[in-house]
Amino acid sequence: MKQFEKVLNFCENHKKILLLSCSAVLSVLFIVSILIAVFSGGEFAETSKTVEVKGLLQLNETGYSTNYLSGDKFSFDKERADITLIAKDPAIDHVVKIEKLPASEYGFLINGKGDVIDEAEQITMTKDIKSVSVVSKYYPDLKVNIPVNVVSTDGIEFKQSLLMEAESAKLYKDNKLISEEDKLVLPETDKPYNSSAGTPAGAECSGGACLRNFQASNMRVEFEIISTEEVEVSFVIKYCMRRDGKTFGEYYKVKLNGREDKTIAAIKTEVGEDYFTPADLQTVTLKLVRGVNVITFESGTNVGTQNPANLDAIMLTCDKAVLGVFPA
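A quick note: this is a predicted structure, and the numbers were derived from the prediction, not measured. (Residues numbered from 1 in each chain as written. Predicted model: local features only at pLDDT ≥ 70, side-chain atom pairs only at ≥ 80, totals over all residues. Heavy atoms only, no water.)

1. Let's talk about the overall build of the protein
Turning to step 1, where the next piece is worked out: Within the protein one finds five helices and 23 strands.
Turning to step 2, where the next piece is worked out: In the protein, buried positions account for 39% of the 328 residues.
Turning to step 3, where the next piece is worked out: Long-range contacts, defined as pairs at least 24 residues apart, comprise 70% of the intrachain contacts of the protein with a sequence gap of at least 6.
Turning to step 4, where the next piece is worked out: Accessible surface, the protein: about 18800 Å² in total, of which carbon and sulfur atoms supply 53%. (Helix = DSSP H or I, 4+ residues; strand = E, 2+ residues; numbered from the N terminus. Buried < 20%, exposed > 50% of the residue type's maximum accessible area, 1.4 Å probe, protein only. Contact = heavy atoms within 4.5 Å. Areas by Shrake-Rupley, 256 points an atom, 1.4 Å probe, with all protein chains shown as cover.)

If you want it as structure tokens, here you go:
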């Protein structure tokens, strides 16, 4: 009882101090409750999503790959990368500019969306991935898309050597793909592109046929080769002789992955009286990339050639079983 009286007397004697202390504690608790409500309710996150930050992310120097086989890891060299960030942040009164963005300040998005992934090797490439974006972690509106090509190797047999017939390759006229049926009747039914169409011409060629009769038309023949490694191959072009015996570059512009091969262009072709006598062009070395490689033969007025030699086939050979083609 005496103890209770002492407490009452203490409260009575220190009433003002206790009231001030209680008010301070209640104020602190009120502020804390507001902060908890804001953070737990997502108001800050919602604001960051709705406020668009203008600017750019610029890849000055980078090391990355765009061609992949299904199951590969995405390749992007953060140590080599030199990335500049420029942003107009509404919360800051000056333009933010970072000359070289630290590796910890950016990550990657798959197909431009989803959660930011810290490291490139955390991304396993699959057929549904069309691009990988480099994105600022602080300003997610700022990103650069890297288009990628991912190839499935299902059903592909890999070999050391490939013989690819020209009559089975993709054929384009004026950038329009010619169907297999049309190869047999165009441009003229008695002289179609594919010499196996009911005529004996080209019977001595590889596969018993060749592509012919391009004349001055704008034609493109396209071969697609898949390689599981970056590798050097021996490359042979099989063609039919002509009476003029020009360099091969005067007949066709030959390109590997979009780049013209000057060595092939300078090789002299053999002279023959019969337009369907098969011959092999001098062997050259090509360097294939890992993934899909495209070898094209272009002829026509758009590239400054006409009446090219008939195209028979191509052969690629290396010392490893790494070469394949898409299933028919």
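2. A short note on the sheet that holds strand 5 (residues 106–110)
Turning to step 1, where the next piece is worked out: Sheet architecture is open: four strands sit in the order 6-5-7-8, paired in antiparallel fashion. One side of each edge strand has no neighbouring strand; the edge strands of this open sheet are strand 6 (113–117) and strand 8 (143–147). The sheet shows a mean angle of 30° between the axes of neighbouring strands, direction not considered. (Pairing = 2+ DSSP bridges. Axes fitted to C-alpha atoms, helices over the stretch in contact; angles between N-to-C directions.)

3. Focus on the sheet that holds strand 3 (residues 82–88)
Turning to step 1, where the next piece is worked out: The strand order across the open sheet built from three strands is 1-3-4, with neighbouring strands paired in antiparallel fashion. Strands with a single pairing partner mark the edges of an open sheet, and in this sheet they are strand 1 (54–61) and strand 4 (96–98). In this sheet, adjacent strand axes meet at a mean angle of 5° when their direction is disregarded.
Turning to step 2, where the next piece is worked out: In this sheet, strand 3 lies alongside strand 1 in antiparallel orientation, the contact comprising seven bridges. Bridge pairing links L59 to I83 in strand 3.

4. Focus on the nonpolar core
Turning to step 1, where the next piece is worked out: Counting residues in hydrophobic clusters, the biggest one holds 40 residues, and the most contacted among them are F223, F235, F248, I295, F297, L316 and L323.
Turning to step 2, where the next piece is worked out: Here F297 is in contact with M219, R220, V221, F223, F235, I237, F248, Y252, K253, V254, L311 and I314, once residues within four sequence places are set aside.
Turning to step 3, where the next piece is worked out: Listed in part, the 25 residues of the second largest apolar core include Y106, I123, V132 and Y139. (Core = buried A, V, L, I, M, F, W, Y, C linked by side-chain atoms within 4.5 Å.)

5. Side note on the packing of aromatic side chains
Turning to step 1, where the next piece is worked out: According to the stated counting rule, one finds 15 aromatic pairs in the structure shown.
Turning to step 2, where the next piece is worked out: Between F248 and F297, the aromatic rings sit 6.2 Å apart at their centres with planes inclined by 85°, giving edge-to-face as the arrangement. Linking F248 in the loop between strand 16 (231–240) and strand 17 (253–256) with F297 in strand 21 (residues 291–299), this pair joins segments that are 49 residues apart in sequence.
Turning to step 3, where the next piece is worked out: Linked through ring pairs, Y193, F214, F223, Y239, F248, Y252 and F297 together constitute an aromatic cluster. (Phe/Tyr/Trp six-rings, centres within 6.5 Å; stacked < 30°, edge-to-face > 60°.)

6. Things to note about the environment of L142
Turning to step 1, where the next piece is worked out: Its place among the elements puts L142 in the loop between strand 7 (131–136) and strand 8.
Turning to step 2, where the next piece is worked out: What makes L142 buried here is its relative accessible area of 3%.
Turning to step 3, where the next piece is worked out: Taking C-alpha positions, L142 is 10.0 Å from Y106, a pair spaced 36 residues apart along the chain.
Turning to step 4, where the next piece is worked out: If we skip the residues at most four places from it in the chain, L142 touches V53, K54, G55, L56, L57, L85, I86, A87, V134, V135 and S136.

7. What to know about the side chain of D89
Turning to step 1, where the next piece is worked out: One can find D89 in the loop between strand 3 and strand 4.
Turning to step 2, where the next piece is worked out: Here D89 occupies a buried position and makes no salt bridge, while the nearest side chain of opposite charge, K88, is found at 7.3 Å.
Turning to step 3, where the next piece is worked out: A polar contact is formed between the side chain of D89 and the side chain of Y139, at a distance of 2.8 Å.
Turning to step 4, where the next piece is worked out: D89 has contacts with V53, Y138 and Y139, leaving out every residue within four places of it along the chain. (Lys, Arg positive; Asp, Glu negative; His and termini not counted. Salt bridge = Lys/Arg side-chain N within 4 Å of Asp/Glu carboxyl O. Polar contact = N/O pair within 3.5 Å; in protein donor to acceptor, adjacent residues only side chain to side chain.)

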